[in-house]
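# Coordinates in review
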Amino acid sequence: MRLRNVTGSREVIAQSPYVVQEPQRQKGKWHTLFGNDYPIRIEIGMGKGRFIMDLAGMNPDINYVGIEKYSSVLLRGIQKMETEPLPNLYFIRMDAEEITSVFGRAEVDRIYLNFSDPWPKDRHAKRRLPSREFLRRYDEILIPDGRIEFKTDNHDLFQFALEELEPAGWHLEQMTEDLHHNAEMMRGNVMTEYEERFSSMGNPIYKYIISR
């Protein structure tokens, strides 16, 4: 369970130069903020930031934005950035439902969804990040040949995600139900904190890559 209340976390976030405080003002202007025309890739639900920080460090010619809902979790990413700042990475504290108010049409090159909340109750299906409702939002902000990469250890969530593709008009490019035993899809794989933990326990990791 993620920690959701750390005293002072919101104050730290409000003062951090690594966090975009009014992201709606950047809609359509993210390249100006980064000061270049490099592709922009985002992770929705970045957790403590290991995945997106590793990517940003490995790819200085790509811009990254990490999005996290919970202040106490985002705080961990800020602390890491204070130790190892990365010029091609910014954070946002926001709910994923607001994504289209923060990024303009065709402004994002790729979206990463890693170990998202499964929202197991049927009445909460619309809140699942790989749902058709969210796929419509992603469609607005992705470039025409943009892709979404989704990883999870939750079999039911993965099956749900696959079933949502056809109704939403998305195409499955690659998929595996055991990422760490799939040599092709493991090539260049960057692990998250959750992925390392679950895979070390022998749990299979599910992944797909989709496009329109």
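Provided above is the structure to which this section pertains.
So, here's what we can say about the structure. (Residues numbered from 1 in each chain as written. Predicted model: local features only at pLDDT ≥ 70, side-chain atom pairs only at ≥ 80, totals over all residues. Heavy atoms only, no water.)

## Focus: the nonpolar core
One finds Ile42, Ile44, Phe103, Ile111 and Tyr138 to be the most contacted residues of the largest nonpolar core, which totals 36 residues. For this core, the element with the highest residue contribution is helix H6 (residues 155-168), accounting for 5 residues. Excluding anything up to four places from it in sequence, Tyr138 contacts Ile44, Ile111, Leu113, Leu129, Ile148 and Trp170. Among the nonpolar cores identified, the runner-up in size contains 19 residues, and Tyr18, Ile52, Met81 and Leu89 belong to it. (Core = buried A, V, L, I, M, F, W, Y, C linked by side-chain atoms within 4.5 Å. Buried < 20%, exposed > 50% of the residue type's maximum accessible area, 1.4 Å probe, protein only. Helix = DSSP H or I, 4+ residues; strand = E, 2+ residues; numbered from the N terminus. Contact = heavy atoms within 4.5 Å.)

## Some remarks on the side chain of Ser9
Turning to its location among the elements, Ser9 is positioned in helix H1 (residues 9-15). For Ser9, a relative accessible area of 5% corresponds to the buried category.

## A word on the side chain of Thr176
Position of Thr176 among the secondary structure elements: in strand E6 (residues 171-176). Of the residues examined, Thr176 reaches a relative accessible area of 8% and is grouped as buried. Among the polar contacts made by the side chain of Thr176, one reaches the main-chain amide nitrogen of Asp178 at a distance of 3.0 Å. Leaving out residues up to four positions away in the same chain, Thr176 has contacts with Phe158, Asn182, Met185, Ile205, Tyr206 and Lys207. (Polar contact = N/O pair within 3.5 Å; in protein donor to acceptor, adjacent residues only side chain to side chain.)

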